[in-house]
Amino acid sequence: MSTVGINKDYLGRTFPATSPYEVSRVKIAEFAEAIGDPNPVFRDRDAAQAAGYPDVIAPPTFPVVIATAASGRAVADPGLGLNYAMVVHGEQRFEYSRPLRAGDVVTAQSAISGIREVGPMTMLTTETQIRTVDGEHICTGFSTLVERGAA
Amino acid sequence: MSGPARYADVATGTALPAVSYPVTRLSLVKYCGASGDFNVIHWNERIARSVGLPDVIAHGMFTMAQAGRYVTDWAGDAGAMVEFGVRFSAPVVVPDDDAGATIQVSGTVEEKLDGNRVVLGLTARSGEAKVLTRARAVVRLP
C-alpha cells in the first residue's frame, strides 16, 4: 500500500493553462540535434517549405517540452498526494492535428484524466491540450505516470 | 528516407526493415538540456545505482523520439504523424563508454484506415530488453 494515498477527488480536475510559449527555430534545431535526427525539415526553412510547411516543423515528441510545464503543475499539486520520488513514466501518447512549427505561440493546459490503483502502484494519467493562442488545436498529450508504492 | 511512402502502395502485414539508433552519455546530456528533464538518473551513475538501477538510463521520451524518427523516415514526411503512443516497458541502460547503447526499432503495417491513414505497430529493443511495448503510430500518407 502507498504510505501516502492519492487524492481521487482530483480525477477530472483541470489546471490553469501555461503562459504563451513561442516555438523557435533554434529550439526545434536543438531538440532535433539532441534526439540525433538529421532531417532538414527540423532545421532549414527552405527544406520545410519544399515539404509543404510554412516554416521548420518540430519532431513528433517535441510537444513534451511544452506539455511537461503544464502537466507538472498537476502532478506536483500537493493536494494530489503523489510521491514524485517514486514516479516513473509509464506511457505516453499524442494525438496531432498538425505538427508544431517555428512561430507558433501556444499554451498547454492539463487535466487529470485517470487515477487507477493496481496492487501497490498508482497510475496517474494527465491529458494536456496544446493550442495556439488563437485557439487552434495542435495536439493532445496523454501521459501516464506510475507511482511505485512503498512496501 | 527512400522517398515518401504512398497509401496505395502500402500493404497490411508488411514488415519494415529494422533500424538501429545509437545512444551515448553525450546523447543524454544533450537531451537533458533540450527537453528540460534533468532527472539525475539520466546523468548521474552514483544516484542511478543508489535507487536500484543498473546504471544511468535514457529518458523514456528519448527512446520514443527514436521510434518517432523511424516512423517519419519511413513515411518520408516528418509531419505525417496523426497519433503516436508507447508504453515504456524497460529502461535503456547507457554505460559510460564510447559505444553507449543501441535502440533497435522495427515495425509492421498493421492496418489501413480511411482518410489515407496507416497504422504501424512498433517494437523497440535495447540488448535483450524490449524497451517499448504497445507502441503504435498512425500516419497520414499521400
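Bear in mind the structure is a predicted one, so any value in this text is a computation, not a measurement. (Residues numbered from 1 in each chain as written. Chains lettered and ligands numbered in written order. Predicted model: local features only at pLDDT ≥ 70, side-chain atom pairs only at ≥ 80, totals over all residues.)

1. With respect to the overall build of chain B
Point 1. Looking only at helices and strands, chain B features 3 helices and 5 strands.
Point 2. Traced from its N-terminal end to its C-terminal end, chain B shows the element sequence β-α-α-α-β-β-β-β.
Point 3. Taking the principal axes of its C-alpha atoms as reference, chain B extends roughly 50 × 30 × 25 Å. (Helix = DSSP H or I, 4+ residues; strand = E, 2+ residues; numbered from the N terminus.)

2. Considerations on the overall build of chain A
Point 1. Along its length, chain A carries 3 helices and 5 strands.
Point 2. Secondary structure elements of chain A occur, N-terminal to C-terminal, as β-α-α-α-β-β-β-β.
Point 3. Seen along its three principal axes, the alpha-carbon backbone of chain A occupies a region of about 55 × 30 × 20 Å.
Point 4. Relative to its 151 residues, chain A shows a buried fraction of 38%.
Point 5. At a minimum sequence separation of 6, the contacts of chain A that also span at least 24 residues come to 70%. (Buried ≥ 20, exposed ≤ 12 C-beta atoms within 10 Å, placed from the backbone. Contact = placed C-beta atoms within 7 Å.)

3. What about the nonpolar core?
Point 1. Counting 75 residues, the largest nonpolar core has Ile28 and Phe31 of chain A together with Ala67, Val71, Leu122 and Val139 of chain B as its most contacted members.
Point 2. Looking at this core element by element, the count peaks at 9 residues for helix H3 (residues 60–75) of chain B.
Point 3. If we ignore the near neighbours within four places in the chain, the residues touching alanine 67 of chain B are Val86, Val105, Leu122, Ala124, Leu132 and Ala135 of chain B. (Core = buried A, V, L, I, M, F, W, Y, C linked by C-beta atoms within 7 Å.)

4. Quick look at the packing of helix H1 (residues 25–35) of chain A against helix H1 (residues 25–35) of chain B
Point 1. Orientation of H1 of chain A relative to H1 of chain B, taken along the N-to-C sense of each, is 155 degrees, at an axis distance of 8 Å. As judged from the angle between their axes, H1 of chain A and H1 of chain B are roughly antiparallel. The handedness of the crossing between H1 of chain A and H1 of chain B is left-handed. Residues Glu30, Phe31, Glu33, Ala34 and Ile35 of chain A of H1 of chain A form the contact with H1 of chain B, whose participating residues are Lys30, Tyr31, Gly33 and Ala34 of chain B.
Point 2. Of the residues assigned to the contact of H1 of chain A with H1 of chain B, the class counts are 5 nonpolar, 1 polar and 3 charged. (Axes fitted to C-alpha atoms, helices over the stretch in contact; angles between N-to-C directions. Parallel < 35°, antiparallel > 145°, perpendicular 65-115°, else oblique. Left-handed = near helix turned anticlockwise from the far one by under 90°. Nonpolar A, V, L, I, M, F, W, Y, C, P; charged D, E, K, R; others polar.)

5. Focus on the pairing of strand S2 (residues 81–88) of chain B
Point 1. Where strand S2 (residues 87–96) of chain A and S2 of chain B come together, 5 bridges link them in antiparallel fashion. Following the sheet pairing, arginine 93 of chain A is matched in S2 of chain B by glycine 85 of chain B. (Pairing = 2+ DSSP bridges.)

6. Considerations on the interface of chain B and chain A
Point 1. At the interface, 27 residues of chain B touch 29 residues of chain A.
Point 2. Of all elements in the fold, only H1, H3 and S2 of chain B reach the threshold of two or more residues within the side of chain B that touches chain A.
Point 3. Here the side of chain B that touches chain A is built from residues that sort into 13 nonpolar, 9 polar and 5 charged.

7. Some words on the environment of glutamine 104 of chain B
Residue and element names in this part refer to chain B.
Point 1. Within the fold, glutamine 104 resides in strand S3 (residues 101–113).
Point 2. Look at glutamine 104 and you get partly exposed, because 16 C-beta atoms sit within 10 Å.
Point 3. C-alpha of glutamine 104 to C-alpha of serine 20: the two residues are 84 residues apart in sequence and 4.2 Å apart in space.
Point 4. With residues up to four places along the chain from it excluded, the contact list for glutamine 104 reads Ala18, Ser20, Ala124 and Arg125.

8. What about the pairing of strand S4 (residues 121–132) of chain A?
If a strand is regular, its side chains alternate between the two faces of the sheet.
Residue and element names in this part refer to chain A.
Point 1. Inspection of the sheet shows strand S3 (residues 105–118) paired to S4 by 12 bridges, in the antiparallel sense. Across the sheet, residue isoleucine 112 finds its bridge partner in S4, namely threonine 126.
Point 2. Following S3, the chain reverses through 2 residues before pairing antiparallel with S4; glycine 119 in that reversal takes a positive phi of roughly 55 degrees.
Point 3. Here S4 folds back onto strand S5 (residues 137–147) in antiparallel fashion, the turn holding 4 residues, of which glycine 135 has a positive phi close to 95 degrees.

9. Brief notes about the sheet that holds S5 of chain A
Across a sheet, paired strands are connected by hydrogen bonds in the backbone, their directions being either parallel or antiparallel.
Point 1. Taken in spatial order, the 10 strands line up as S1(A)-S3(A)-S4(A)-S5(A)-S2(A)-S2(B)-S5(B)-S4(B)-S3(B)-S1(B) in an open sheet, and their pairing is antiparallel. Lying at the two open borders of the sheet, with one neighbouring strand each, are strand S1 (21–22) of chain A together with strand S1 (15–23) of chain B.
Point 2. Sitting on the sheet, helix H3 (residues 63–75) of chain A is in contact with S1, S2, S3, S4 and S5 of chain A, with an inclination near 55 degrees to S3 of chain A.
Point 3. Most of the contacts of H3 of chain B go to strand S5 (residues 129–140) of chain B, to which it runs at about 40 degrees, and overall it touches S2 of chain A together with S1, S2, S3, strand S4 (117–126) and S5 of chain B.

10. Here's the deal with the confidence of the model for chain B
Point 1. Residue-level pLDDT values for chain B average 95, and 98% of them are 70 or greater.
Point 2. Complex prediction metrics read pTM 0.94 and ipTM 0.96. (pLDDT = per-residue confidence, 0-100.)

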